Amino acid sequence: MTLEQLQALCAAEVFPRFAAKQLCDWLYRHRVDSIDRMTNLSLAQRARLAEIAYVGRHAPVNCQVSKDGTKKYLFEVSPNHIETVYIPDADRATLCVSCQAGCRMNCRFCSTGQNGFHGNLTAGDILNQLFEVEKYAPDTHAITQPGNNAITNIVFMGMGEPMDNLDAVLDACRVLTAPWGLGWSPKRITVSTVGVIPAMRRFIAECQCHLAVSLHNPVAAERERLMPVQRAYPIDEVLALLRQYDWNGQRRLSFEYTMFRGLNDDLDHARRLVDALRGLECRVNLIRFHENGARTADGMPLGTSTPSAISAFESYLNSHGVICTLRASRGQDIDAACGLLAGKNTRGK
């Protein structure tokens, strides 16, 4: 819960108003997992809270460790399962969190989308991924202890479409960034989207975290073969919306571009991408596609681009004014790389 939500709870229970701040301290500073441990609340208050509320912490049920140090955690969010990926890299460690069990967007290349939609996570389910990975990863420690190999960044790029569960995502971001919560800088958090325009508009207005847009093809008809959302929210309209905002400040705009052999990885597509992004302050993250048997809507198999094609594409963008980097592929051996999270333990699947 946010501070405002806790204040409403305390008011409804005729607790003192300052009790809400005490609850925030216990939940987000001390990270308690039990109401009984909130010792500056009276015994009567703790007993009443235990009747109507719970902390909501639950440990992962499984963890797989990649040869490159990436860890994939499996959490049960009854009656389903979700996956969370911890990615250590020198002096930083990124946590890739899920916001839904499954996904409604049905992107053709994404293992999550191919498994269907099984429900939204709460803000507590989202935050629990951070708290529990901190606790259970042997090389991570509480972020309040400087000098340790802490979780330094969060990306909402796990299972689910953040803009399809925006209330919970915004509440989680408020807890992460508010002084009564974890007090993180919004610059440490990136929220992704396939381009759900109404929710994007609200997100930009209410949140200062970075935004990443899954683009993957600048040609509308070709993008639709990969991403059904193109029919509802065409990429031209997404870009038109983004041009209404200033991206020159602390908030960063980026585009995700997965490279598919023979589909979107030639220099003609690079030229079209430069034209599409002209005038936008942004960067492009190129992503190697990890073959998973996926096909386009019309049955074309999706394959991995060659290293030479990726290098030429990256060089073209950088030489034509679009900052472009190739995202390192991590955790492929445990199905933790981009697009591979599938919630294979989801019940009924």
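What counts as what
Residues numbered from 1 in each chain as written. Predicted model: local features only at pLDDT ≥ 70, side-chain atom pairs only at ≥ 80, totals over all residues. Heavy atoms only, no water. Salt bridge = Lys/Arg side-chain N within 4 Å of Asp/Glu carboxyl O. Helix = DSSP H or I, 4+ residues; strand = E, 2+ residues; numbered from the N terminus. Buried < 20%, exposed > 50% of the residue type's maximum accessible area, 1.4 Å probe, protein only. Expected span 1.5 Å × (residues − 1).

Colleague: Can you break down the pattern of salt bridges residue by residue, with the values?
Modeller: All told, the structure shown has 20 salt bridges when counted by the stated rule. Taking the shortest distance from any N to any O, the salt bridge between Glu-83 and Lys-72 comes out at 3.8 Å. Taken together, the residues span a long stretch of sequence, with Glu-83 in strand β3 (residues 80-89) and Lys-72 in strand β2 (residues 71-77) at a distance of 11 residues. Among the residues examined, Glu-83 registers a relative accessible area of 4% and is labelled buried. A residue is classified by how much of its surface remains accessible, and Lys-72, at 7% relative accessible area, is buried. With a closest N to O distance of 2.4 Å, Asp-275 and Arg-278 form a salt bridge. On the accessibility criterion, Arg-278 (52% relative accessible area) is exposed. Three or more residues are tied together by salt bridges with common partners; here these are Asp-167, Asp-171, Arg-174, Arg-202 and Glu-206.

Colleague: Can you lay out helix α2 (residues 18-29) for me, pointing to particular residues and giving the numbers?
Modeller: Compared with an ideal rise of 1.5 Å per residue, which puts 12 residues at 16 Å, α2 spans 16 Å between its outermost C-alpha atoms and is within 8% of the ideal. When α2 is considered as a whole, its buried residues turn out to be Ala-19, Ala-20, Gln-22, Leu-23, Cys-24, Trp-26, Leu-27 and Tyr-28. Among the residues trailing α2, Arg-31 stands out with phi positive, at a value near 60°.

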